[in-house]
Amino acid sequence: MRLLVARCQVDYAGRLTAHLPMATRLIMVKRDSSVSIHADDRAYKPLNWMSPPCTIEVREPEADEQAVADALDPRLTQVWEVTGKDGDTLQISIAEVLHDSEHDLGVDPGLQKDGVEAHLQQLLAENPETFGAGVELVRREYMTAIGPVDLLCRTADGHHIAVEVKRRGEIDGVEQLTRYLELMRRDPLLGDVQGVFAAQQIKPQARVLAADRGIVCVTVDYDALRGLDRAEERLF
């Protein structure tokens, strides 16, 4: 992982355009080639980012770029052109580098689930019809290049479903599943994999993000899966 603290401005061009004026920010480049730009707030969420796979070209600033910068800030030292798989671009114009370091984090063992979450995954693996009639389990912990998807299932008509299981569904879980789906959909044997985000509780913000990413949210009744909630024993 490369960490760069620099005075920079950032311009994104793609489905929309966005501009971050000159300021001191953290630029993070991960081994998977993803690039994210952070401010000193907003918890984990970056100001802007480019998902993998992407290419990074570092070049000298062009004359017209430098002319604009001269009117606002010290001279630019370099320009990063980050290009995503769909052709969208992230241009990072750097005026001053305050810190630049690289760190090998090694292989991450992945998130260790708590007892309830691990048992929930097991119960859903035993009851894949929770995700629809005729759905069957292909395997648990289906490995991708960046970690394992909790469940890989298949519908009756042969379409694959990637399921991420959480006890409480939040935005980071949706982001995690999005990264898995980006990789899995490149595998011709899997095809256009559908994403399902399954949890006992799902926060409204996570539902909004999931809908935007085309991911289906499923709220799971843990007690019902364990056979403790018997409909025939209820008064109502």
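Cut-off values and rules
Residues numbered from 1 in each chain as written. Predicted model: local features only at pLDDT ≥ 70, side-chain atom pairs only at ≥ 80, totals over all residues. Heavy atoms only, no water. UniProt positions renumbered as here; feature names shortened; annotations may be inferred. Helix = DSSP H or I, 4+ residues; strand = E, 2+ residues; numbered from the N terminus. Contact = heavy atoms within 4.5 Å. Areas by Shrake-Rupley, 256 points an atom, 1.4 Å probe, with all protein chains shown as cover. Pairing = 2+ DSSP bridges. Axes fitted to C-alpha atoms, helices over the stretch in contact; angles between N-to-C directions. Buried < 20%, exposed > 50% of the residue type's maximum accessible area, 1.4 Å probe, protein only. Right-handed = clockwise from strand over helix to strand, strands pointing away. Arc of directions from axis to C-beta.

Where an unreviewed UniProt entry is consulted, the chain appears under the name Endonuclease NucS, with the organism given as Desertihabitans brevis. Among the UniProt annotations of the chain, the heading Sequence similarities (unreviewed entry) holds the following wording: "Belongs to the NucS endonuclease family." Here is the UniProt Subcellular location (unreviewed entry) comment for the chain, exactly as written: "Cytoplasm".

Engineer: What should I look at first to understand the overall build of the chain in this one?
Structural biologist: For the chain, the count of helices and strands is 5 helices and 12 strands. When contacts within the chain are restricted to residue pairs at least 6 apart in sequence, long-range pairs at least 24 apart make up 49% of them. Approximately 13,600 Å² of the chain is accessible, and the part contributed by carbon and sulfur atoms is 52%.

Engineer: Just checking my understanding: could you explain the sheet that holds strand β12 (residues 216-219) for this structure?
Structural biologist: Spatial ordering of the open sheet is given by β8-β9-β10-β11-β12, a layout of 5 strands whose pairing is mixed. In this open sheet, the two strands that pair with only one neighbour each are β8 (136-144) and β12. When strand polarity is set aside, the average angle formed by the axes of neighbouring strands in this sheet is 35 degrees. Of the pairings in the sheet, the one linking strand β10 (residues 160-169) to strand β11 (residues 194-202) comprises 8 bridges and is parallel in character.

Engineer: Help me understand the pairing of strand β1 (residues 2-13), please; the structure alone is not making it clear to me.
Structural biologist: Remember that side chains alternate between the two faces of the sheet whenever the strand is regular. Here β1 runs beside strand β2 (residues 17-29); their pairing, made up of 11 bridges, is antiparallel. If you follow A13 over to β2, its bridge partner there is T17. Joining the antiparallel neighbours β1 and β2 is a turn of 3 residues. Bridging between β1 and strand β7 (residues 89-102) involves 12 bridges; their strand directions are antiparallel. Within β7, the residue paired with R2 across the bridge is E102.

Engineer: Even after reading the chapter, I still don't get the sheet that holds β7, so can you show me in this structure?
Structural biologist: Hydrogen bonds along the backbone pair up the strands of a sheet, which may run parallel or antiparallel. Spatially, the 7 strands line up as an open sheet ordered β4-β3-β2-β1-β7-β6-β5, and their pairing is antiparallel. Each having just a single partner strand, β4 (48-50) and β5 (54-59) make up the two edges of the open sheet. Strand-to-strand twist in this sheet, taken as the mean axis angle between neighbours without regard to direction, amounts to 30 degrees.

Engineer: For this particular structure, what's the right way to read the pairing of β10?
Structural biologist: Of all the 10 residues making up β10, 8 are buried; the element is thus mostly covered by neighbouring parts of the structure. In terms of strand pairing, strand β9 (residues 147-154) meets β10 through 4 bridges, oriented antiparallel. The partner of C153 across the bridge, within β10, is I161. For the handedness criterion, the β-α-β arrangement of β10, helix α3 (residues 171-184) and β11 is classed as right-handed.

Engineer: Can you walk me through helix α4 (residues 204-212) in this structure?
Structural biologist: Owing to its 3.6 residues per turn, the α-helix brings residues three or four apart onto one side. Within the sequence span of α4, burial applies to A206, L209 and A210. Within α4, the buried residues cover an arc of 100 degrees as seen down the axis, which keeps them to one side. For α4, exposure combined with an orientation more than 90 degrees from the buried face picks out P204, V208, A211 and D212. Downstream of α4 by one or two residues, G214 has phi in the positive range, about 75 degrees.

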